[in-house]
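Observations on the model geometry
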Amino acid sequence: MALNAGDPDKAEKALDAALAKDATLIEAERVRWRVFLLRKQYDKAEQALKGFYEKQGLGKDGLPADKKSLKRLVESDYNELYKLWAEGVASESPTKFREVLTVGLERDPKDPELNRMLVELLERVADEELKKGDKVKAAEAYEALLELRTMPTTRKTAREQAVNLRKEIFMDAARKRFDEDIKPTLGDCLLYTSDAADD
């Protein structure tokens, strides 16, 4: 099939032809999002899936068995889309990469692959921010990681790092406040105390 061959134009023509012969071909409608995926039109792929999901009424309660099966397929399609979308923009925009993974996990917080990708991203972000000396952003990255499903050892390390960084941030702020706001007002008192100590 043209979809498997990676040819979006041929795939689109094949789907259109199939639906022209039989408009009730649900499977042909369902996989249309892959045409947009092949063109790297990720927004349109998402819209196509959303449109199909809503048209089939898959968000309703009490679905019959056939609709439940269809819903599982579409949910799997969504997870695949967000994974491939994130991979497609990773090198261009880490911000968009994180945004796409976050949206995907809002739909399915339990998806292991999306969780793994976001955990690895947040670990890299924390490491990069620490190298730049930005403890606040590093702590935020570790704290965001704690909201995800991950290995207990990874979670433990992230929690420890976040706690230690927050302590350092507090102490840094306290020292800065002392040096800028309190120390200048002490003036001669500090000198007197120092001289007295020498005596």
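Below or above, wherever it landed, is the structure these notes cover.

For the rest of this paragraph, the subject is the nonpolar core. Formed by 38 residues in total, the largest nonpolar core has its most connected members in Val74, Leu81, Trp85, Phe97, Leu101 and Leu118. Contributing elements (two or more residues each) for this core: α4 (33-38), α5 (42-55), α6 (65-89), α7 (94-107), α8 (112-132), α9 (135-145) and α10 (152-186). For this core, the element with the most residues is α6, which contributes eight residues. Residue contacts for Leu118: discarding those within four places in its chain leaves Arg98, Leu101, Thr102, Leu105 and Leu148.

In this section: the packing of α7 against α8. Viewed as axis vectors pointing N to C, α7 and α8 meet at an angle of 145°, and their least axial separation amounts to 10 Å. Our pair here, α7 against α8, has a crossing hand that is left-handed. For the pair α7 and α8, contact is made by Pro94, Phe97, Arg98, Leu101, Thr102, Gly104 and Leu105 and by Leu114, Asn115, Met117, Leu118, Leu121, Leu122 and Arg124, respectively. Tallied by class, the residues present in the contact of α7 with α8 amount to nine nonpolar, three polar and two charged.

Let us now look at the packing of aromatic side chains. Considering all chains together, one arrives at four aromatic pairs under this definition. Measuring from ring centre to ring centre gives 5.7 Å for Tyr42 and Trp85, while their planes differ by 15°; the resulting arrangement is stacked. With Tyr42 in helix α5 and Trp85 in helix α6, this residue pair connects regions lying 43 residues apart in the sequence. There is no split in this pair, since Tyr42 and Trp85 are both buried. For the pair Tyr78 and Tyr82, a centre-to-centre distance of 6.0 Å together with 15° between the ring planes defines the contact as stacked. Linking Tyr78 with Tyr82, this pair stays in helix α6, spanning four residues, or about one helical turn. Relative accessible area serves as the criterion here: at 3%, Tyr78 is assigned to the buried category. Over the ring of Tyr53 we find Arg107; its NZ or CZ atom is 5.4 Å from the centre of that ring. Cation over ring: Arg107 sits above Tyr78, and NZ or CZ is 3.6 Å from the ring centre.

Calculation notes
Residues numbered from 1 in each chain as written. Predicted model: local features only at pLDDT ≥ 70, side-chain atom pairs only at ≥ 80, totals over all residues. Heavy atoms only, no water. Core = buried A, V, L, I, M, F, W, Y, C linked by side-chain atoms within 4.5 Å. Buried < 20%, exposed > 50% of the residue type's maximum accessible area, 1.4 Å probe, protein only. Helix = DSSP H or I, 4+ residues; strand = E, 2+ residues; numbered from the N terminus. Contact = heavy atoms within 4.5 Å. Axes fitted to C-alpha atoms, helices over the stretch in contact; angles between N-to-C directions. Left-handed = near helix turned anticlockwise from the far one by under 90°. Nonpolar A, V, L, I, M, F, W, Y, C, P; charged D, E, K, R; others polar. Phe/Tyr/Trp six-rings, centres within 6.5 Å; stacked < 30°, edge-to-face > 60°. Lys NZ or Arg CZ within 6 Å of the ring centre and 35° of its normal.

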